[in-house]
Amino acid sequence: MDRYNYKAVEQKWQKYWDENNVFKATDDFDKKKFYALVEFPYPSGHGMHVGHIKAYSGLEVVARKRRMQGYNVLFPIGFDAYGLPTENTAIKEKIHPRIVTDRNIEKFTGQLKKVGFSFDWSRVIDTTEEKYYKWTQWIFLKMFEKGLVFRDKTSVNYCPSCKVVLSNEDSQGGKCDVCHSDIIQKTKEVWYLRITEYADKLLQGLEQVDYLPNVKLQQQNWIGKSTGAFVDFSIKENAEKLRIYTTRPDTLYGVTFMVIAPEHPIIQKYRDSISNIEALDDYKNECAKKSEFERTQLVKDKTGVKIEGLTAINPVTKKEIPVYISDYVMMGYGTGAIMAVPAHDTRDYDFAKKFGIDIIEVIKGGDISKEAYTGDGEMINSDILNGIDNKKDAIEKMLSVLENLGCGERGVQYKMKDWAFNRQRYWGEPIPIVHCQHCGMVAVPYEELPLKLPALENFEPGTDGESPLAKIESFVNCKCPKCNGDAKRETDTMPQWAGSSWYFLRYCDPHNDSEFASQEALKYWLPVDWYNGGMEHVTRHMIYSRFWHKFLYDLGLVPTSEPYAKRTAQGLILGEDGEKMSKSRGNVVDPNDIVENYGADVLRLYVLFMGDYEKAAPWSENGMKGCKRFIDRVWGLQEILTDGEEYSDKLRSNFHKTIKKVSEDIENMKFNTAIASMMSLINDIYANGTVNKAELSALCMMLNPFAPHITEEIYNTITGKILSEQPWITYEEKFCIDETIEIVVQVNGKIKAKLNIVPDSDRDSVIAMALADEKVKESTDGRNIIKQIYVPNKLVNIVAK
RNA sequence: GCCGGAGUGGUGGAAAGGCAGACACAGUGGACUCAAAAUCCACCGGUGGCGACAUCGUACGGGUUCAAGUCCCGUCUCCGGCACCA
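The structure reproduced in this document is the subject of the present report. Since the structure is predicted, the reported quantities are computational estimates derived from the model, not experimental observations.

### Some remarks on the sheet that holds strand E18 (residues 440-443)
Backbone-to-backbone hydrogen bonds join strands into a sheet, with any given pair of strands oriented parallel or antiparallel.
Part 1 of the argument: Overall, antiparallel pairing links the four strands, which are arranged E18-E17-E20-E19 in an open sheet. Edge positions in the open sheet fall to E18 and strand E19 (477-479), since each of these has one partner strand only. This sheet shows a mean twist of 45° between the axes of neighbouring strands, independent of strand direction.
Part 2 of the argument: Across three bridges, the pairing between E19 and strand E20 (residues 486-489) is antiparallel. Residue pairing across strands places Lys479 opposite Asp486, the latter belonging to E20.

As structure tokens, then:
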């Protein structure tokens, strides 16, 4: 027998699968369906990463198994191709991003096919194609129509030297990634999607989906719902009410000052009656200069200025309390104003210490001379609340008091902010809006979609934070769709998250020209049965796409309220040095090299065998060689092949057990132990000396989802049939049970003997056998047996004193 | 700071509260070979013993249990997420 020629075999079967459309999802809407989704790659110039292979191999195994189980399987792939790296390559090499994108997609496609993934290649999506982004724009316009799109000011990272708006990733450490000059914060009017309107729905929807617990948790934290109260504080000097948000109305008697954000509008409104307005303005300007980086990473030291001319009145104690401005209060959360309770909040405590403000303890349990006490306990110094439990009763009691006084109401807040939906770059979907002097913002009519990204010679970023599209007069100047007067087009493009927010819908019906997907196809395929991807996408991408989906659901355009029924995540592959793979570290493994030198089956097997699928694991060239050895041993079985259409007696139970183990492990993503059990089986076969046809083809069947090429070849050689078209192999429970099993006999928890018994033997006879054992007799001799424990088919424990 | 997750041989990792270390890698010895690679066989947590065996051992300190890597309490370390969110 020749050595296994993986190159020839892999090429042969990849060609066969391709030409015969073996993995094509059919439009047979009566068949039971299974929709397996993996995160589509960004086609970077570096080509595929082994991390991609691991990410896709998990559901690849499940998808292949489901097909064999008779499901109509949709396992699609595509490319999330808009984005900065492509644009930067294009600028650097002076090639159009369209060409760079096509080149990279071709490279990725070739690499994916060489690994033998069973994707349905007839449904490939490219988010930068007109027929795709037409519908991205279409959904955007639907949101515009429903009032979910608005414009507002924000501060953006701006490089004054490049005159360009930068993403957070491109401005790390407060320096421009390109020219290394200092980034400044610039105010700019940008587009927003009102995702906060869906905050509650996004939170509640988590109750009905099967996501990994930590995925759910991260999404909950991201949405960040808190319940509390809005309380109005009167201002002594005028009729104004200063409204705050708090989750701790129980501590209202401990309020000794208030803090508002430096940008709070009340300052401008009463600036004439504030005696130190210059100091407040200076402080505000200083804060505005601070970058996001400085505000979050650096100084935690509290700063602020007292407002001279605004004094608040505590609604329950009627005491006068000072009002400060400080940047530890954000305009973007709650009302931009807080009541400060230094005794029971660490930030207020720091501030009070620094500014010498009173600290009044209202909950027992801590030592407020040392630090703030944030725990629970009995109320003190709080008049009507004294003596009761803060959490159980005080919150409720205070809420009703405030409601009666007419200065408070229950309220809910979310940490999640509206989605800044814009980029000042070329390589993205144009936002289909026209600015008209008379009509304001006007949507491009649906029938004019797609609003095409104009072909451009020079797509370098525009100056003063403008998109490069702003330079093209033929694009910018247009007629208003409403009044037909002169108007200007929006020149910002959509952010990279847009195209991926609905791609799973397009896969259902990717060639439809009249709808983003037909209702029939959506009704059949949705929801996605199993979605796998990286942990880094469980907040942004998943929440954004759930938001788009829920929006379409509310319009009656998709049949399910949630897009993904189940979500899992694979762990990273680290470099051989245990560090994250990166070019600068030089520890990157190129999957091409592995396919070339060891074969696709070895690569696929190894990424699943290297450890727990959900955990990070370091790459090991040697570990991979072990998988190569396993593949060669599978091939070598043909040398000891004998006739035989049924399992031999010696191996029968072994086969049934392994099939059971593999079948169950695949469902639980325990791929490493599934492979280990097949390795064990092969070790047993070699120890047995021969393998018959029934056995070898059974092995091929269960191994097929992991190593499809070699198994297809061997199976075809011995049966003349196509393995990918065979049903999934089954096992019988009765053959998984051994005739005799070994159980352990312990005395006082220490193993003294082993017994071979018939399964499910009765307790008394097993204990009698155990007590009759020499070693057991020895160690119980002269002692009183006080307890006998029998765990059926597992062990006997004799407790003796 | 807050919220998660994890700490098991030289390494990656297995163990529904019931034989700790499956499977694999590396290593050691041997077979085959002129030799090497490949392959095959044996050994492979520590300590003691020629030995069957004894004894300790799942980050650390306690606890529950006939029995703990697994459950509970406390401590330490590492990883991930959020982070002045009122």
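### Looking at the sheet that holds strand E27 (residues 741-747)
Part 1 of the argument: Strand order in this open sheet of four strands is E28-E27-E30-E29, and the pairing throughout is mixed. Pairing within the sheet leaves two strands with one partner each, and these edge strands are strand E28 (750-757) and strand E29 (785-791). The mean inter-strand angle of the sheet, taken between neighbouring strand axes irrespective of direction, is 20°.
Part 2 of the argument: Sheet topology note: the E27/strand E30 (residues 795-800) ladder contains four bridges and is parallel. Its bridge partner lying in E30, Val747 is registered against Ile798.
Part 3 of the argument: Along the sheet face, helix H24 (residues 763-772) touches E27, E28, E29 and E30 and points at about 120° away from the line of E29.

### Comments concerning the protein's contact with RNA strand B
Part 1 of the argument: Neighbouring residues of RNA strand B: 51 residues in total, closest Lys302, Tyr328, Arg347, Lys415 and Met610.
Part 2 of the argument: In the interface set of RNA strand B, defined as its atoms within 4 Å of the protein, sugar plus phosphate atoms amount to 61%.
Part 3 of the argument: Interatomic distance of 3.2 Å between a side-chain N/O atom of Lys415 and a sugar or linking oxygen of RNA strand B.
Part 4 of the argument: Per element, the largest residue contribution to the surface near RNA strand B is six residues, and it comes from helix H21 (residues 671-688).
Part 5 of the argument: Its residues placed into classes, the surface near RNA strand B shows 21 nonpolar, 15 polar and 15 charged.

### Overview of H21
Part 1 of the argument: Relative to the 26 Å expected for 18 residues at 1.5 Å per residue, H21 spans 26 Å between its end C-alpha atoms, a close match to the ideal helical length.
Part 2 of the argument: Contact partners of the buried residues in H21: helix H2 (50-68), helix H18 (600-609), helix H19 (621-636), helix H20 (649-667), strand E26 (691-692) and helix H22 (693-703).
Part 3 of the argument: Two residues or fewer past H21, Gly689 is found with a positive phi of approximately 100°.

### Considerations on the nonpolar core
Part 1 of the argument: With 90 residues, the main nonpolar core has Leu112, Phe119, Leu603, Trp619, Phe655, Met702 and Phe706 as its most contacted residues.
Part 2 of the argument: It is H2 that provides the largest number of residues to this core, a total of nine residues.
Part 3 of the argument: Discounting residues that sit within four places of it in the chain, Leu603 has contacts with Val50, Ile53, Val115, Pro591, Ile594, Val595 and Trp619.
Part 4 of the argument: Among the nonpolar cores identified, the runner-up in size contains 87 residues, and Leu37, Leu148, Leu193 and Trp419 belong to it.

### Notes on the pattern of salt bridges
Part 1 of the argument: In total, this model carries 47 salt bridges according to the counting rule given.
Part 2 of the argument: Among the ionic pairs, Glu713 bridges to Lys12, the shortest N-O distance being 2.9 Å. Taken together, the residues Glu713 in helix H23 (residues 708-719) and Lys12 in helix H1 (residues 6-19) connect sequence positions 701 residues apart.
Part 3 of the argument: The partly exposed category is assigned to Lys12, whose relative accessible area is 40%.
Part 4 of the argument: With a closest N to O distance of 2.9 Å, Glu409 and Arg243 form a salt bridge. Within this pair, whereas Glu409 is found in strand E15 (residues 408-414), its partner Arg243 is found in strand E10 (residues 241-246), the two being separated by 166 residues in sequence.
Part 5 of the argument: Residue classification places Glu409 among the partly exposed positions, given a relative accessible area of 38%.
Part 6 of the argument: Judged by relative accessible area, which is 28%, Arg243 ranks as partly exposed.
Part 7 of the argument: Here the residues in one salt-bridge network are Asp27, Asp120 and Arg123, joined through shared partners.

### Considerations on the environment of Tyr715
Part 1 of the argument: Relative to the helices and strands, Tyr715 is located in helix H23.
Part 2 of the argument: By relative accessible area, Tyr715 is classed as buried at 4%.
Part 3 of the argument: The sequence separation of Tyr715 and Ala694 amounts to 21 residues, and the corresponding C-alpha distance is 10 Å.
Part 4 of the argument: In contact with Tyr715, other than residues within four places in its own chain, are Ser697, Cys700, Met701, Gly720, Lys721, Ile722, Leu723 and Gln726.

### Notes on the packing of aromatic side chains
For any pair of aromatic rings, the description rests on two quantities: the centre-to-centre distance and the angle between the ring planes.
Part 1 of the argument: Inspection of every chain in the model, using the stated rule, returns 48 aromatic pairs.
Part 2 of the argument: Between Phe79 and Phe108, the ring centres sit 6.3 Å apart and the planes meet at 90°, which makes this aromatic pair edge-to-face. Here Phe79 is found in strand E3 (residues 78-79), whereas its partner Phe108 is found in helix H4 (residues 97-115), with 29 residues between them in sequence.
Part 3 of the argument: Classification of Phe79 as buried rests on a relative accessible area of 0%.
Part 4 of the argument: An angle of 15° between the planes, with centres 5.6 Å apart, marks the rings of Phe140 and Phe421 as stacked. Of the two residues, Phe140 is situated in helix H5 (residues 130-145) and Phe421 in the loop between strand E16 (419-420) and strand E17 (433-436); the sequence distance between them amounts to 281 residues.
Part 5 of the argument: Judged by relative accessible area, which is 0%, Phe421 ranks as buried.
Part 6 of the argument: Aromatic rings pair up to connect Phe140, Trp191, Tyr198, Trp419, Phe421, Trp497, Tyr544, Phe547 and Trp548 into one cluster.
Part 7 of the argument: Between Arg66 and the ring centre of Phe34, over which it is positioned, the NZ or CZ distance is 4.6 Å.
Part 8 of the argument: One cation-aromatic arrangement involves Arg151 over Trp191; the distance from NZ or CZ to the ring centre is 4.8 Å.

Calculation notes
All residue numbers here refer to positions counted from 1 along the written sequence of the relevant chain. As a convention, the first chain written is A and the first ligand written is 1, with the rest following in written order. Thresholds applied to this predicted model are a pLDDT of at least 70 for local features of residues and 80 or more for the giving and counting of side-chain atom pairs; totals over whole chains, interfaces and linings are not thresholded and use all residues. With hydrogens and water excluded, all non-hydrogen atoms of the structure serve as input to the side-chain values. The rule for pairing is simple: two strands pair if DSSP sees at least two bridges between them. A run of H or I in DSSP counts as a helix once it spans at least four residues, and a run of E counts as a strand once it spans at least two, with each numbered from the N terminus. As a rule, the C-alpha atoms of each element are fitted with a line to give its axis, helices using only the stretch in contact, and angles between N-to-C directions run from 0 to 180 degrees. By definition in these notes, contact holds between two residues if any of their heavy atoms fall within 4.5 Å. When at least one non-hydrogen atom of a residue lies within 4 Å of a molecule or strand, that residue is treated as near it. In protein, a polar contact means a hydrogen-donor-capable atom and an acceptor-capable atom, both N or O and within 3.5 Å, with residues adjacent in sequence counting only if both atoms are side-chain atoms; elsewhere, any N or O pair within 3.5 Å suffices. Any residue that is not Ala, Val, Leu, Ile, Met, Phe, Trp, Tyr, Cys, Pro, Asp, Glu, Lys or Arg is counted as polar, Gly included; the first ten are nonpolar and the last four charged. By definition here, a helix of n residues has an expected span of 1.5 Å times n minus one. To qualify as a nonpolar core, a set must consist of buried Ala, Val, Leu, Ile, Met, Phe, Trp, Tyr and Cys residues joined through side-chain atoms within 4.5 Å. When accessible area is computed with a 1.4 Å probe and restricted to protein chains, residues below 20% of their type maximum are described as buried, those above 50% as exposed, and intermediate ones as partly exposed. Salt bridge, as used here, is a side-chain nitrogen of Lys or Arg placed within 4 Å of a carboxyl oxygen of Asp or Glu. What counts as a ring pair is set by centres within 6.5 Å for rings of Phe, Tyr and Trp (its six-membered ring), and what kind of pair is set by the plane angle: stacked under 30 degrees, edge-to-face over 60, tilted for all other angles. Comment: the charge-over-ring label is applied if NZ (Lys) or CZ (Arg) is within 6 Å of the ring centre and within 35 degrees of the ring normal.

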